[in-house]
Amino acid sequence: MLSFRIPISERPLFASTVATKRNKSVAPQLVVGGANHGLTQICLLSKRENGKLYSKDYGHQEWVTCVESLHLPERDLHVASGGMDSKVCVWKLINRKPALQRTTRSVTEKVPEAQCFDLIGHCASISCLRATEQPHFLASGSYDSTIKIWDLSSSQQGGSCVATLSQEGFSSMMRTRSDSNWDSTLDLSQLSLHTTATNSFKTSYSNSYKKRRPEPLNAVLGFINTDPTAPTSTCLSSKASPYRVTSFTRSGVIYTHDLNEKKRLDHIPPTTSIQAHHGPISSLLLLSSHPGGDVVVSSGLLDGAIRCFDLRIAEGRGRCVGRCEGLYNSKQSSVKTSRENPGGGITMMVGVGNSSTASDVLHVVASGGGGDASLKIVEVRGGGKMRTLKGLEVVKEVPPTTLWTSYNVEENKSLTLPPGSPSSTAYGLTSVPQVDGVVVAWGDGRVQLIRNLTKSSDVNIREQTIPGNQSIVSPHMVCASAGTVVETLSTRSSGIKNAIRSFSVYETDRNRVMGLSCSGDDGIVLGFEINY
């Protein structure tokens, strides 16, 4: 059921997060950011916009690429945002009464100005953020090939950089560059420790940023998901090794850094590096954690492979303990096949199931970039054994409707989507543990909730056309033998015509009802309430 619809911007929205307190002392807030250089705060109780996190003196000068909720001891809610201007901003959310509780019109409420602290140190776009609760650290990954660890213990002064995690040979590569725009006299260590409560440094930093901005070398694309079946990971490292940071990069390498609790250094080299894939890594999940090393599952954006690595094994002794190659090797795939790329690449991968049940089996759902309108489910066991359970062809056919103007819908029959079209390509995917499934967004604005994935057998699921139904797709697609249910949310009827790129799953004040927000290229935020 559609809960709210809020137009934010005419530009695309890329990232979102839900900021909340465990004791529920403050109303939960949804924060979204994108190409409008700012962030928008939405109260999930009143379901209305609560303020803009942007002003002349505070905020980003370029696109907002990532947003992360912070777990600080203060009563107020805080979030961190990263942008293409290489800054990380720590925001204190605007504290206003919900719109439904405001007084008469004669009383004019003055909206407080949004303020933030700038964490300066990166010299390229911020690609990912990850916060920890104890201690209050924030990790930021960037296209400059480094990861910085920020201590946010005192939010009144912003934060300080306590460690910079580098890659092997990164420092020497940067110093020997012949790029004329690179300022070799700039001291990066001084910038990494610079924080300010205002943007007085904004002009000078912006000018130096343009001069010294290098070409991307081996960008850090993300951190390992330590809770694969959760919608978002709230931990930077596993419980078995709380000071281990695992990341993946654009060149297909997995890096592991070990932080010493007592000794904090600048430019810490990696302890483990694995060339996992040919080309960028799209996702990295934690299968099991051990003091001597983790067992991880990765997916390749170009080679279309899912591989399992045991980091406890010494280098050169066969760390790759399991693999599933050519998952999207299909004749209908629009991706050109080659030796390194036997089929379509994997754009996203998430875990499904209930993380509370102890098991050495992980079910992952992968989406491909070949545009074959399907999701693949793979079972990964503790020893690295993999097997493909099934493929879900959930959007292969579309019933006739006047909204599908790009296709020939004059005849009263279902139409097959052409391979490789945006309508057949997944642009968003996230896990929903409450329903033992996932939610997926397709390029034409459709969003589908798939339930009971791990309880079904090896079958294909197709949409069922209900006679006389003029909705975009049938509201429910049920496979009775398997128990898997596919529900199509009313996004297109709410004005969504392009891809949804960001999801947020949150709790509501109603029993066995969860909230789901989605935002994307149309600049509109939708909220749904889903029973489970």
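Residues numbered from 1 in each chain as written. Predicted model: local features only at pLDDT ≥ 70, side-chain atom pairs only at ≥ 80, totals over all residues. Heavy atoms only, no water.

A. Fine view of the nonpolar core. In this structure, Val432, Val439, Val447, Ile500, Phe503 and Leu516 are the most contacted members of the largest nonpolar core, which totals 18 residues. Listing elements by their share of this core, those giving two or more residues are strand S30 (437-442), strand S31 (447-451), strand S34 (500-507), strand S35 (513-520) and strand S36 (524-531). Per-element accounting of this core gives the leading share, four residues, to S36. Each residue touching Ile500, except ones within four places of it in the same chain, is listed here: Tyr427, Gly428, Ala441, Trp442, Val447, Cys518, Ser519 and Gly520. (Core = buried A, V, L, I, M, F, W, Y, C linked by side-chain atoms within 4.5 Å. Buried < 20%, exposed > 50% of the residue type's maximum accessible area, 1.4 Å probe, protein only. Helix = DSSP H or I, 4+ residues; strand = E, 2+ residues; numbered from the N terminus. Contact = heavy atoms within 4.5 Å.)

B. Representation of the pairing of strand S23 (residues 346-352). Most of S23 sits inside the fold, with six of its seven residues counted as buried. Two elements, S23 and strand S24 (residues 361-368), share six bridges in a ladder whose sense is antiparallel. The residue of S24 that forms the bridge with Met348 is Ser367. (Pairing = 2+ DSSP bridges.)

C. Inspection of the side chain of Asp294 at higher detail. Secondary-structure assignment places Asp294 in the loop between strand S19 (281-288) and strand S20 (295-300). The exposure class assigned to Asp294 is buried, which follows from its relative accessible area of 4%. Of note is the side chain of Asp294, whose polar atom sits 2.7 Å from the side chain of Arg244. A distance of 3.1 Å separates a polar atom in the side chain of Asp294 from a polar atom in the side chain of Ser289. Excluding residues within four positions of it along the chain, Asp294 makes contact with Ser238, Arg244, Thr246, Leu286, Ser288, Ser289, Phe309, Asp310, Leu311 and Arg312. (Polar contact = N/O pair within 3.5 Å; in protein donor to acceptor, adjacent residues only side chain to side chain.)

D. Structural context of the pattern of salt bridges. Counted according to the given criterion, the structure contains 15 salt bridges. Arg244 is paired through a salt bridge with Asp258; the nearest N and O atoms lie 3.8 Å apart. Remark: Asp258 occurs in strand S17 (residues 253-258) and Arg244 occurs in strand S16 (residues 244-249); sequence separation between them is 14 residues. On the accessibility criterion, Arg244 (7% relative accessible area) is buried. Here Asp258 falls in the partly exposed class, since its relative accessible area comes to 39%. In the salt-bridge network here, residues are joined through shared partners; they are Asp303, Arg307, Arg323 and Glu325. (Salt bridge = Lys/Arg side-chain N within 4 Å of Asp/Glu carboxyl O.)

E. Layout of the side chain of Thr249. Tracing the backbone through its elements, the reader meets Thr249 in strand S16. Here Asn218 takes part through its side chain, which lies 3.2 Å from a polar atom of the side chain of Thr249. Discounting residues that sit within four places of it in the chain, Thr249 has contacts with Gln167, Asn218, Ala219, Val220, Leu221, Tyr255, Pro280 and Ile281.

F. The sheet that holds S19, seen in detail. One open sheet accounts for four strands, arranged S19-S20-S21-S22; its pairing is antiparallel. Only two strands of the sheet have a single partner each, and these edge strands are S19 and strand S22 (320-324). Along the sheet, successive strands turn relative to each other by an average axial angle of 20 degrees, direction set aside. In the sheet, S19 pairs with S20 via six bridges, with the strands oriented antiparallel. Residue pairing in the sheet places Leu286 in a bridge with Val296 of S20. (Axes fitted to C-alpha atoms, helices over the stretch in contact; angles between N-to-C directions.)

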